[in-house]
Amino acid sequence: MIQYSLSCENDHKFEAWFKSASAYDEQAARGVVTCPICSSSHVSKALMAPAIARKDNQKVALSAGHPEQVELRKKMRALREKIVAETDYVGDQFATEARKIHDQEVEARAIYGEATTDEVAGLIEDGIDFMPLPNLPEEHN
Ligand SMILES: [Zn+2]
């Protein structure tokens with residue numbers, strides 16, 4: 001799994017996970033990588049090295065204090081709250097439910113929940129559409 005920092009044509013910055021660098025290239029080429037703020041599919045890698053799934057003591061790129069960053073965080077929080085309020089929580093059944101919806105075994109609906117990195121890799125491999133729920137640093141305080 002590789003985490004990329006991406007930015008869209010409107011300069012929104014966001015993070016997304018991909019199975020591999022080539023998986024990102026392939027999905028970006030198909031236009032299925034979209035901005036969580038404005039839904040633009042014109043995205044590109046932000047000028048930042050990809051962080052390969054967390055290792056201890058690995059450095060991460062950070063920034064603080066820019067007014068647009070503060071604004072983006074507010075939007076991310078609002079988006080997260082909206083998603084949580086308007087979708088069904090399925091807990092650790094996320095991968096199972098997302099696959100059932102994808103395979104049209106159940107009626108289409110919006111869901112959120114948790115999945116392991118293995119399950120995430122499986123969903124990406126099967127071309128099932130999902131995104132990380134916006135995660136806000138201050139929630140870890
Ligand atoms: Zn955007």
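Residues numbered from 1 in each chain as written. Predicted model: local features only at pLDDT ≥ 70, side-chain atom pairs only at ≥ 80, totals over all residues.

Some points on the overall build of the protein chain
Broken down by element type, the protein chain carries four helices and six strands. Along the chain direction, N to C, the helices and strands of the protein chain fall in the order β-β-α-β-β-α-β-α-β-α. Buried positions account for 11% of the 141 residues belonging to the protein chain. (Helix = DSSP H or I, 4+ residues; strand = E, 2+ residues; numbered from the N terminus. Buried ≥ 20, exposed ≤ 12 C-beta atoms within 10 Å, placed from the backbone.)

A word on the environment of K19
Among the secondary structure elements, K19 is positioned in the loop between strand 2 (13-18) and helix 1 (21-29). In the structure, K19 is positioned 105 residues away from I124 in sequence and 6.8 Å away in space, judged by C-alpha atoms. Apart from the residues lying within four places of it in its own chain, the contact partners of K19 are M1, A121, I124 and E125. (Contact = placed C-beta atoms within 7 Å.)

Re the nonpolar core
Counting nine residues, the largest nonpolar core is built from Y4, L6, C8, F14, F18, Y24, V33, C35 and V43. Every element with two or more residues in this core is listed here: strand 1 (2-8) and strand 2. If you tally residues by element for this core, the top one is strand 1, at three residues. (Core = buried A, V, L, I, M, F, W, Y, C linked by C-beta atoms within 7 Å.)

Here's the deal with the pairing of strand 5 (residues 88-91)
Where strand 5 and strand 6 (residues 111-113) come together, three bridges link them in parallel fashion. Residue pairing across strands places Y89 opposite Y112, the latter belonging to strand 6. (Pairing = 2+ DSSP bridges.)

Section: the pairing of strand 2
Along a regular strand, successive side chains alternate from one face of the sheet to the other. Bridge analysis of strand 1 against strand 2 gives six bridges, and the strand direction is antiparallel. When the sheet's bridge partners are listed, I2 is paired in strand 2 with F18. Hairpin geometry of strand 1 and strand 2 is characterised by an intervening segment of four residues between the two adjacent antiparallel strands and by a positive phi of about 65° at D11.

A word on helix 2 (residues 67-86)
Counted at 1.5 Å a residue, the expected span for helix 2 with its 20 residues is 28 Å, and the 29 Å between its end C-alpha atoms agrees. Of all 20 residues in helix 2, zero are buried; the element is thus mostly exposed. (Expected span 1.5 Å × (residues − 1).)

Points about unusual backbone geometry
Of note in the backbone geometry, S39 takes a positive phi value of approximately 65° without being a glycine. By the secondary structure assignment, S39 is in the loop between helix 1 and strand 3 (43-45). Residue Q104 is not a glycine yet carries a positive backbone phi of 60°. Along the chain, the position of Q104 falls in the loop between helix 3 (94-102) and strand 6. Judged by local crowding, Q104 falls into the exposed class, with 8 C-beta atoms found within 10 Å.

A short note on the confidence of the model for the protein chain
Mean pLDDT over the protein chain stands at 84; residues scoring 70 or higher make up 87%. The least confident element of the protein chain, judged by mean pLDDT, is strand 4 (residues 51-52) at 48; the most confident is helix 3 at 94. Throughout residues 48-52 the model reports pLDDT below 50, and contacts reaching past four residues in sequence, or to other chains, amount to nine contacts. (pLDDT = per-residue confidence, 0-100.)

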